[in-house]
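So you can see what is in the structure, the chains are spelled out below.
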Amino acid sequence: MKYAWIEGHRGVYATTMMCELLSVSRSGLNAARRRQASKRACEDEQLVEQIRAGQSKHRGRYGRRRMTPEISQVRGQAVNEKRIGRLMREHGLQSHKRRRFRVVTTDSKHAHPVAPNVLQRDFEAAAPNRKWLADMTYVPTDEGWLYVALVLDLYARKLVGWAMSATMPQALTLCALDVALGWRDPDAGLVHHSDRGSQYAAHDYRNKLEARGITVSMSRKGDCWDNAPMESVNGTLKVECVHDVRFETRQQAEQAIVEYIGYYNTERRHSALGNVTPAEFERRWLVHEYMAQPGGPPAAWQGPGQRPRQLTRQPIHHRPGAPRATPAMASPGSSQATGPAVGK
């Protein structure tokens, strides 16, 4: 360790002075320089380069818990999490730090009726389109605040609807809901949970949910834990996409958030899913469900070049008699969207 420290500070301090302060001889230092690096040291160097590549790919968003399975997959063998953490600390490759922020988007002082808390903090879903969470957050820009409405599918922690606006009109949350409904086309029985904000308690929003046979659920007053997974997504978006970034215009922020949603759904490992991506977690469910059908997978899977992964862009459930969304219709709300749904 002493020799390594001296080598790392040769351009800062005189070598003779460092040897004297650390009580090592010049001959010992020279011998250490000629000595071949150990197998573990060589592996550490390789690991550091792989971690650096991983942080470049994920833009510095991964901590040791997500980086460990990432590196293990690259190397084809398990790597100790503590070792990854040590190397990340020693080489300054830590993830972005989470900041405290205050949620100010909920306006519960309104005359609209409030739904009961049907969800009751049961954040486990047996399949897609069983439980959705919705919330709003905000992003600072030089032009002012940009408000973002999101809809999350609890099963795979996948963002299935979003919209953005310079203000917080009811149309903003309705637009995000329309994106989610158009893309996923859920069956009746879905539970939709949100806070008590006026945008979610308004008649137009409630009527749209009830018309689709969706059960409305709302958090208790002032209790953000009733919508904890959605609050977590908002915080993650702030840390990994917004903090330390200055947006000159709302359009810049919109583009960055849409790109991040695609990354979040298809590339970012999620700890609640066993460190796989939401898209992969949902794809595995699709494969299991379709392969379990009598007669094997649908004919759409049996053509040349067809893979189950492609079906993740189509609605999971389909109501009999309802028109099935085409890829062009689904693209505004898909993880590969090129532009946001914006409520003006």
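This one's a predicted model, so the numbers in the text were calculated from it and none came from an experiment. (Residues numbered from 1 in each chain as written. Predicted model: local features only at pLDDT ≥ 70, side-chain atom pairs only at ≥ 80, totals over all residues. Heavy atoms only, no water.)

Peer 1: Describe the pattern of salt bridges, naming the residues involved and giving the relevant values.
Peer 2: A pair can form between side chains of opposite charge whenever their charged atoms are brought close. For the coordinates displayed, the defined rule picks out 21 salt bridges. Linking Arg184 and Asp153 is a salt bridge whose minimum nitrogen-to-oxygen distance equals 3.0 Å. Taken together, the residues Arg184 in helix 7 (residues 170-184) and Asp153 in strand 2 (residues 144-153) connect sequence positions 31 residues apart. Look at Arg184 and you get buried, because its relative accessible area is 1%. Taking relative accessible area as the criterion, Asp153 reaches 0% and is therefore assigned buried. The residue Glu280 makes a salt bridge to Arg283 at a minimum N-O spacing of 2.9 Å. Remark: Arg283 and Glu280 occur in helix 12 (residues 278-291); sequence separation between them is three residues, near one turn of the helix. The pair formed by Glu280 and Arg283 is uniform in burial state, with each residue classed as buried. (Salt bridge = Lys/Arg side-chain N within 4 Å of Asp/Glu carboxyl O. Helix = DSSP H or I, 4+ residues; strand = E, 2+ residues; numbered from the N terminus. Buried < 20%, exposed > 50% of the residue type's maximum accessible area, 1.4 Å probe, protein only.)

Peer 1: Please give an account of the packing of aromatic side chains that cites residues and values.
Peer 2: Applying the stated criterion to the full structure yields seven aromatic pairs. Centre to centre, the rings of Tyr200 and Tyr205 are 5.3 Å apart; their planes meet at 90°, and the pair counts as edge-to-face. Grouping residues by exposure puts Tyr200 and Tyr205 together as buried. On the numbers, 5.8 Å between centres and 45° between planes, the contact of Tyr260 with Tyr263 is tilted. (Phe/Tyr/Trp six-rings, centres within 6.5 Å; stacked < 30°, edge-to-face > 60°.)

Peer 1: Break down the environment of Thr173 for me, citing the residues and quoting the values.
Peer 2: Note that Thr173 resides in helix 7. Considered as a pair, Thr173 and Met136 are 37 residues apart in the sequence and their alpha carbons are 8.0 Å apart. With residues up to four places along the chain from it excluded, the contact list for Thr173 reads Met136, Ala149, Gln199, Tyr200 and Tyr205. (Contact = heavy atoms within 4.5 Å.)

Peer 1: Give a description of helix 7 that names residues and reports values.
Peer 2: In a regular helix each residue adds 1.5 Å, so 15 residues correspond to 21 Å; helix 7 covers 21 Å between its end C-alpha atoms and thus fits that length. Considered for burial, the residues of helix 7 that qualify are Leu172, Thr173, Leu174, Ala176, Leu177, Val179, Ala180, Leu181, Trp183 and Arg184. Count one or two residues on from helix 7 and you reach Asp185, which has phi positive near 50°. (Expected span 1.5 Å × (residues − 1).)

Peer 1: Explain a nonpolar patch on the surface to me, using residue names and the numbers behind them.
Peer 2: The grouping of Trp5, Val12, Tyr13, Met17 and Leu21 at the surface amounts to a nonpolar patch, some 520 Å² of accessible area in total. Considering the arrangement of structural elements, one finds Tyr13 in the loop between helix 1 (2-8) and helix 2 (15-21). Relative accessible area serves as the criterion here: at 39%, Tyr13 is assigned to the partly exposed category. (Patch = residues over 30% accessible without salt bridge, like charges linked within 9 Å, V, L, I, M, F, W, Y side chains within 5 Å. Areas by Shrake-Rupley, 256 points an atom, 1.4 Å probe, with all protein chains shown as cover.)

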